[in-house]
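Chain residues, written in single-letter form:
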Amino acid sequence: MGFNATCTPGRDAAAAMVRVTPQVLALVIYLDPVNIAIQLPPFPGGSDVLMRFCRELSREASKLADHLGSQEGRHALAEGDPDVRG
């Protein structure tokens, strides 16, 4: 199933690896208040697909965090939004 969504993390946003069943793990993104669960694809090799996706997600999220933590990223975000300045 495919869909597109745009969400923003709330102040209590978090992420976790959870056990749906003893055999099924999932990545859950708690965006406060929206939750998204990313589960194992139900086809042969699904664990490899999810593993690659999680590694790519980790790498790209790290790049974004590094940019936002830089002076350039902080300035760009804080310019127009007093809530972001923090």
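See above for the structure.
Let me begin by describing the structure that accompanies this report. Residue positions within a chain follow its written sequence, with the count starting from 1. A pLDDT threshold of at least 70 governs which residues receive local features in this predicted model, and a stricter bar of 80 or more applies before side-chain atom pairs are shown or counted, although totals over entire chains, interfaces and linings include all residues. The side-chain figures draw on all heavy atoms in the structure; neither hydrogens nor water molecules are used.

So, about the overall build of the protein chain. Summing up its helical and strand segments, the protein chain has three helices and three strands in all. Starting at the N terminus and ending at the C terminus, the protein chain contains elements arranged as β-β-β-α-α-α. Only protein chains enter the accessibility calculation, which uses a 1.4 Å probe; a residue is then buried when its area is under 20% of its type maximum, exposed when over 50%, and partly exposed in between. Counting every position in the protein chain, which comprises 86 residues, the buried fraction comes to 10%. In this analysis, two residues are considered to be in contact whenever any of their non-hydrogen atoms come within 4.5 Å of each other. Long-range contacts, defined as pairs at least 24 residues apart, comprise 6% of the intrachain contacts of the protein chain with a sequence gap of at least 6. Summed over all atoms, the accessible surface of the protein chain reaches about 7,200 Å², with 57% contributed by carbon and sulfur. Put simply, DSSP H or I for four residues or longer makes a helix, DSSP E for two residues or longer makes a strand, and each gets a number counted from the N terminus. Only the protein chains shown count as cover for residues, and the accessible areas themselves come from Shrake-Rupley with a 1.4 Å probe.

As a further point, take the pairing of strand β1 (residues 14-19). Within β1, only zero of the six residues are buried, which leaves the element largely exposed. In this sheet, strand β2 (residues 25-30) lies alongside β1 in antiparallel orientation, the contact comprising six bridges. For R19, the partnering residue across the bridge sits in β2 and is L25. The rule for pairing is simple: two strands pair if DSSP sees at least two bridges between them. The antiparallel pairing of β1 with β2 creates a hairpin that spans five residues between the two strands.

This next bit is on the sheet that holds β2. Here three strands make up an open sheet; going across it, the order is β1-β2-β3 and the pairing antiparallel. The strands lining the two open edges of the sheet, one partner per strand, are β1 and β3 (35-39). If you compare each strand with its neighbour and ignore which way they point, the axes differ by 20° on average. The pairing of β2 with β3 spans five bridges and is classified as antiparallel. Throughout, an axis means a line fitted to C-alpha atoms (over the contacting stretch in the case of helices), and angles, computed between N-to-C directions, take values from 0 to 180 degrees.

The term salt bridge refers to a side-chain nitrogen of Lys or Arg lying within 4 Å of a carboxyl oxygen of Asp or Glu. For the coordinates displayed, the defined rule picks out two salt bridges. Close ionic contact of R59 with E60 constitutes a salt bridge, the shortest N to O distance being 3.9 Å. In this structure, K63 and E60 form a salt bridge, with 3.0 Å as the shortest nitrogen-oxygen distance. Separated by three residues within a single helix, K63 and E60 lie in helix α1 (residues 46-69), roughly one turn from each other. By relative accessible area, which is 36% here, E60 ends up partly exposed. Each of R59, E60 and K63 takes part in a single network of salt bridges with overlapping partners.

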